[in-house]
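Single-letter residue listing:
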Amino acid sequence: MLQGEMVMKGSGSPAMPPMAPTDAKPETDVIDTRFGKVTVYRKNPILFPNGILGMPDRSEFCLTNFPSPKMARFKMLQSLEDDALSFITLPIDNNNPIFDAADLAQAAQELNIPAAELTVLLIVSVHRESSGVRLSVNARAPLLVNAMKRTAVQHVFASSKYNIRHMLAF
């Protein structure tokens, strides 16, 4: 459990709105990533119309389980256009201690994402330090996903109250 950083529910996973209905048997593919083998679903991608910061030409991704059971609370955002491109993400509850609820609601409204369809993902960075491994998330630029439409935007908050390197505590 993340100590005081996230509102987690149930088995350590935040409540997430259901993703849009998919075909009964989506096309799957197992690929090797830098984190291990993962199964990707190519039929119903999450589309980032403007790409992700620094990668405007990569727009099709899928969310898949992280290959390590130790990191079950995390998800991988895997590019469907480049097998070598993936991000560790942390799904968080829409009501969480990182974001002011009003700021998150305003961002969702600006992006035309109904609150019931909003899923928030944070991109995770791994920092290897002499004291061990530490994790941070980019709270300044979360991924806001419309779970029903399967579209997403990396929203950059103008306010400096959200840190690019928001350290996680375990």
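Everything below is about the structure shown above.
Right, let's walk through the structure included here. (Residues numbered from 1 in each chain as written. Predicted model: local features only at pLDDT ≥ 70, side-chain atom pairs only at ≥ 80, totals over all residues. Heavy atoms only, no water.)

1. Details of the pairing of strand 6 (residues 86-92)
Counted only if it meets this: Burial here depends on accessible area, computed with a 1.4 Å probe over protein chains only, as a share of the maximum for the residue type. Under 20% is buried, over 50% is exposed, and the range in between is partly exposed. Counting from the N terminus, the helices are the DSSP runs of H or I reaching at least four residues and the strands are the DSSP runs of E reaching at least two. Strands qualify as paired when DSSP identifies two bridges or more between them.
Extensive coverage of strand 6 is indicated by the burial of seven of its seven residues. Here strand 6 shows two buried faces, one formed by S86, I88, L90 and I92 and the other by F87, T89 and P91. Note: strand 5 (residues 75-79) against strand 6, four bridges, orientation antiparallel. Along strand 6, the bridge assignment pairs M76 with I88. The antiparallel pairing of strand 5 with strand 6 creates a hairpin that spans six residues between the two strands. Bridge analysis of strand 6 against strand 7 (residues 118-129) gives four bridges, and the strand direction is antiparallel. The residue of strand 7 that forms the bridge with L90 is L122.

2. Quick word on helix 1 (residues 101-110)
Filter applied, for reference: Taking the helix axis as origin, the arc is that swept by the directions to the C-beta atoms. Between two residues, a contact is recorded if the distance between any of their heavy atoms is within 4.5 Å.
The set of residues buried in helix 1 consists of D103, L104, A107 and A108. Buried residues along helix 1 cover an arc of 130 degrees about the axis, so they all sit on one side. Set apart from the buried face of helix 1 by more than 90 degrees, the exposed residues are A102, Q109 and E110. Buried positions along helix 1 lie against strand 7 and strand 9 (143-146). Just downstream of helix 1 lies N112, where phi reads positive at about 60 degrees.

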